[in-house]
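The chain contents come next:
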Amino acid sequence: MRYNIINDYLKGPGWVRPHDYQEANVTVLEGNYAGYNSWFPGNFGHFAHDWLPTIALLRHVLPLDTKFILLDNPMTRKFLEFLDRDFYEHRVVWAPHGRVYHITGQLSVHVPVNIPDPIHGCCSGWDPMRQWIAERHPDRIPETDKHVLFYTRGGNETFHGRVMNPTHEQQVIKNIQAKLQQHGKNDKIVVFNGKDEHGKTLSIAQQFALFRGAHAFIGPHGSGFGGNFLWMDPFATKCEERSDYLEFMPGPETPKVQHALYASYYGNLRKWPLNYHSLLYTTQSTYETTFIDLGDLDEALDAMWGPPKIEEDNSTTTTATVVVPKEGVKEASSTQEIKLVVKVIAG
């Protein structure tokens, strides 16, 4: 996309000329302000990985007296109120559609060169967001209390298909449970779809608790992934403390699943303290319904958790001699001895 400054206003996609709104109700704001806007307003996942990194970056580089003009919607309000109540209450002006503002002080506007904004996990682009979350939410969960999260797409808020075949999905969960047992892990598997047991959308605080308490997150590419990985433990100091992240995504053999091949969140989380893994959908997958290879899943889980533990042999063996008649011989004196080895398994 190309933007040009012409006669003191910005000309480009998504921007309008100020004099087009001369008859509008103009609100005058005194002081310093920052403005930012992106796509999918009101979408939890897109706000998390497309809006929040830039808001955090502007918050990091601009003076503390700078306030932010953000498009008003309930989800954004809930998100920022949970993330940082002080920022939410004192540094945000909520702009309704069509409102015009006249800033008397310094106005800083971040103009995306593309949609979505290409600030990814590489280098330092996402550091301010990670630091912001760590400062405001320093909660840590003991490793012994952590669980495995499995993300299932579906419900009335899933608009882009890619829902895993239900029968196949149940087998996937069984394979994960079997691998946990093979690796000597007693972790509970929590199935996450953004809803509670009554079908009500989980609060952001509830989602935070689920993801901060997860040592592994497994499932298909989607906003349930991209909107929540940022809540996972950001304090890992060594590889053993990193959470695992296994994402199912489309490849060159499944172009009908999604318009973007290899659509993943790897670019967003490359500097997050996570161990990233991925699996491609199988060729039987479509835009509506997806499948993965269960053998590939088992290999991926072994790659995440190391080689399966070898069970200790707690059995004992006993040798016994049994005297039986020889086959086809009627005389009682004609016998033969057969030694039997019996394996006794404890318990």
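Computed from a predicted structure; not experimentally measured.

Asks: Tell me what's going on with the pattern of salt bridges, and back it up with residues and numbers.
Replies: Here the structure, examined in full by the defined rule, presents nine salt bridges. A salt bridge links Glu89 to Arg85, with the nearest nitrogen and oxygen atoms 3.3 Å apart. Placement of both Glu89 and Arg85 in helix H3 (residues 85–90) is noted, with a separation of four residues, approximately one turn of the helix. When its relative accessible area of 46% is taken as the criterion, Arg85 is described as partly exposed.

Asks: How would you sum up the packing of aromatic side chains? Please name residues and give values.
Replies: All told, the structure shown has 26 aromatic pairs when counted by the stated rule. With 6.1 Å between their ring centres and 55° between their planes, Tyr88 and Trp94 make a pair best called tilted. Using a relative accessible area of 17% as the deciding quantity, one classes Tyr88 as buried. For Trp94, a relative accessible area of 13% puts it in the buried group. Pairing Tyr266 with Tyr276 gives two aromatic rings, centres 5.3 Å apart and planes at 50°, and the pair type is tilted. Placement of Tyr266 in helix H8 (residues 266–269) and of Tyr276 in strand E14 (residues 274–280) is noted, with a sequence separation of ten residues between them. On the basis of relative accessible area, Tyr266 is assigned to the partly exposed category, the value being 43%.

Asks: Before we move on, can you summarise the nonpolar core with the specific residues and values?
Replies: Core analysis: the largest hydrophobic core is formed by 45 residues, its most contacted members being Ile55, Phe79, Leu80, Phe229, Trp231, Tyr245 and Trp272. Looking at this core, the element that brings in the most residues is helix H1 (residues 44–61), giving eight residues. In contact with Tyr245, other than residues within four places in its own chain, are Phe217, Phe225, Gly226, Phe229, Met232, Tyr265, Leu269, Leu274, Asn275, Tyr276 and His277. Listed in part, the 21 residues of the second largest apolar core include Ile189, Leu246, Tyr281 and Met304.

Asks: Tell me about the packing of helix H5 (residues 166–182) against helix H9 (residues 294–305), and name the residues and values.
Replies: The N-to-C vectors of H5 and H9 enclose an angle of 35°; their axes lie 10 Å apart at closest approach. Seen along the crossing, H5 lies across H9 with a hand that is right-handed. Along the contact surface, H5 presents His168, Gln171, Val172, Asn175, Ile176, Lys179 and Leu180, while H9 presents Leu294, Leu297, Asp298, Leu301, Asp302 and Trp305. Classifying every residue of the contact of H5 with H9 gives seven nonpolar, three polar and three charged.

Asks: Run through the confidence of the model for the protein, naming residues and quoting values.
Replies: On average, residues of the protein score 82 in pLDDT, and 77% of them reach the 70 mark or higher. The least confident element of the protein, judged by mean pLDDT, is strand E1 (residues 4–6) at 49; the most confident is H3 at 98. When the criterion is pLDDT under 50, residues 1–5 qualifies, and its contacts beyond four places in sequence or with other chains add up to 17 contacts.

Cut-off values and rules
- Residues numbered from 1 in each chain as written.
- Predicted model: local features only at pLDDT ≥ 70, side-chain atom pairs only at ≥ 80, totals over all residues.
- Heavy atoms only, no water.
- Salt bridge = Lys/Arg side-chain N within 4 Å of Asp/Glu carboxyl O.
- Helix = DSSP H or I, 4+ residues; strand = E, 2+ residues; numbered from the N terminus.
- Buried < 20%, exposed > 50% of the residue type's maximum accessible area, 1.4 Å probe, protein only.
- Phe/Tyr/Trp six-rings, centres within 6.5 Å; stacked < 30°, edge-to-face > 60°.
- Core = buried A, V, L, I, M, F, W, Y, C linked by side-chain atoms within 4.5 Å.
- Contact = heavy atoms within 4.5 Å.
- Axes fitted to C-alpha atoms, helices over the stretch in contact; angles between N-to-C directions.
- Left-handed = near helix turned anticlockwise from the far one by under 90°.
- Nonpolar A, V, L, I, M, F, W, Y, C, P; charged D, E, K, R; others polar.
- pLDDT = per-residue confidence, 0-100.

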